[in-house]
Amino acid sequence: MTEPSPISTGLLGRCPACGRGAMFQGLLSVAPACSVCGQSFAGQDSGDGPVAFIILIVGFIVLGAALVVEVKYGWPVWLHLSAWLPLSFVLSVGLMRPLKGLLIALQYRHRREEHDG
C-alpha cells in the first residue's frame with residue numbers, strides 16, 4: 001500500500017499514516033490517536049511553526065492589498081482598519097488548521113522512527 005501524501009493529508013487534517021482518520025478533535029486540538037488505523041499522535045506538536053508561516057502569508061496579502069488601495073484610492077484610516085483587521089483575522093484563523101496539519105504530517109513523514117517505536 002502506498003503512503004498518503006503528507007501535503008494532502010496535512011492540509012485536509014487527515015491521519016498521516018493512513019490518510020483516512022481525523023488528525024484533529026475540535027478546531028486545533030490534535031486527537032490522541034487515529035480512529036481508523038490507531039496511529040498515536042501523542043507527542044505531535046507543531047510548535048510555533050504554523051504561526052510563523054501565517055504571519056508571513058497574511059502579512060504579505062494584507063499589507064500588499066492595503067498599500068495598493070492606499071496609493072490608488074487614498075482611503076481614510078478608519079476604512080483601512082475596518083477592512084484589513086477582519087480580513088487579517090479571517091485569514092489567520094482559516095490558515096491555522098491546514099498549516100498545523102501540514103507541519104504535523106511532514107514531521108510524521110520525516111521523523112518516522114520517533115512515531116513507530
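Above this text is the structure in question.
Description of the structure in this document. Quick caveat, the model's predicted, so the values are computed rather than measured.

Rules used in this analysis
Residues numbered from 1 in each chain as written. Predicted model: local features only at pLDDT ≥ 70, side-chain atom pairs only at ≥ 80, totals over all residues. Heavy atoms only, no water. Helix = DSSP H or I, 4+ residues; strand = E, 2+ residues; numbered from the N terminus. Rg over C-alpha atoms; globule rule 2.2 N^0.38 Å. Buried < 20%, exposed > 50% of the residue type's maximum accessible area, 1.4 Å probe, protein only. Contact = heavy atoms within 4.5 Å. Areas by Shrake-Rupley, 256 points an atom, 1.4 Å probe, with all protein chains shown as cover. Lys, Arg positive; Asp, Glu negative; His and termini not counted. Charge placed at Lys NZ, Arg CZ, Asp CG, Glu CD. Disulfide = S-S within 2.5 Å. Core = buried A, V, L, I, M, F, W, Y, C linked by side-chain atoms within 4.5 Å. Phe/Tyr/Trp six-rings, centres within 6.5 Å; stacked < 30°, edge-to-face > 60°. Expected span 1.5 Å × (residues − 1).

### Structural notes on the overall build of the protein chain
1) Next: Scanning the protein chain from N- to C-terminus turns up 4 helices and 0 strands.
2) Next: Helices (α) and strands (β) of the protein chain occur, in sequence order from the N terminus, as α-α-α-α.
3) Next: In terms of overall dimensions, the protein chain is more spread out than a globule: its C-alpha atoms have a radius of gyration of 18 Å, far above the 13 Å expected for 117 residues.
4) Next: With respect to the principal axes defined by its C-alpha atoms, the protein chain has extents near 60 × 25 × 20 Å.
5) Next: For the protein chain, with 117 residues in total, the buried portion stands at 30%.
6) Next: In the protein chain, the proportion of contacts linking residues at least 24 apart, taken out of those at least 6 apart, comes to 50%.
7) Next: Accessible surface computed for the protein chain: about 7,200 Å², of which carbon and sulfur atoms make up 68%.
8) Next: Counting 8 positive and 7 negative side-chain charges, the protein chain places the averaged centre of each group 10 Å from the other.

### What about the state of the cysteines?
1) Next: In the structure shown here, the tally under the stated rule is 0 disulfides.
2) Next: Of the cysteine sulfurs around Cys18, a residue in no disulfide, the closest is that of Cys34, at 3.7 Å.
3) Next: We classify Cys34 as buried; its relative accessible area is 5%.

### Description of the nonpolar core
1) Next: Cys15, Cys18, Met23, Phe24, Ala31, Cys34, Phe41, Ile104 and Ala105 form the largest nonpolar core, which has 9 residues in total.
2) Next: With residues near it in sequence (within four places) discarded, Cys34 still touches Cys15, Cys18, Gly21, Gln39 and Phe41.
3) Next: Listed in part, the 8 residues of the second largest apolar core include Ile54, Val58, Ala66 and Trp84.

### What to know about the packing of aromatic side chains
1) Next: Applying the stated criterion to the full structure yields 1 aromatic pair.
2) Next: Taking 6.0 Å as the distance between ring centres and 20 degrees as the angle between the ring planes, the aromatic pair formed by Trp75 and Trp84 counts as stacked.
3) Next: Taking relative accessible area as the criterion, Trp75 reaches 27% and is therefore assigned partly exposed.

### Some words on helix H2 (residues 49–73)
1) Next: Under the 1.5 Å per step criterion, the end-to-end length of H2 is 36 Å for 25 residues, consistent within 8% with the ideal 36 Å.
2) Next: Regarding H2, the residues found buried are Pro50, Ile54, Val58, Val62, Ala66 and Val69.
3) Next: Residues of H2 that are buried make contact with helix H3 (77–110).
4) Next: Just beyond H2, the residue with positive phi is Gly74, at close to 65 degrees.

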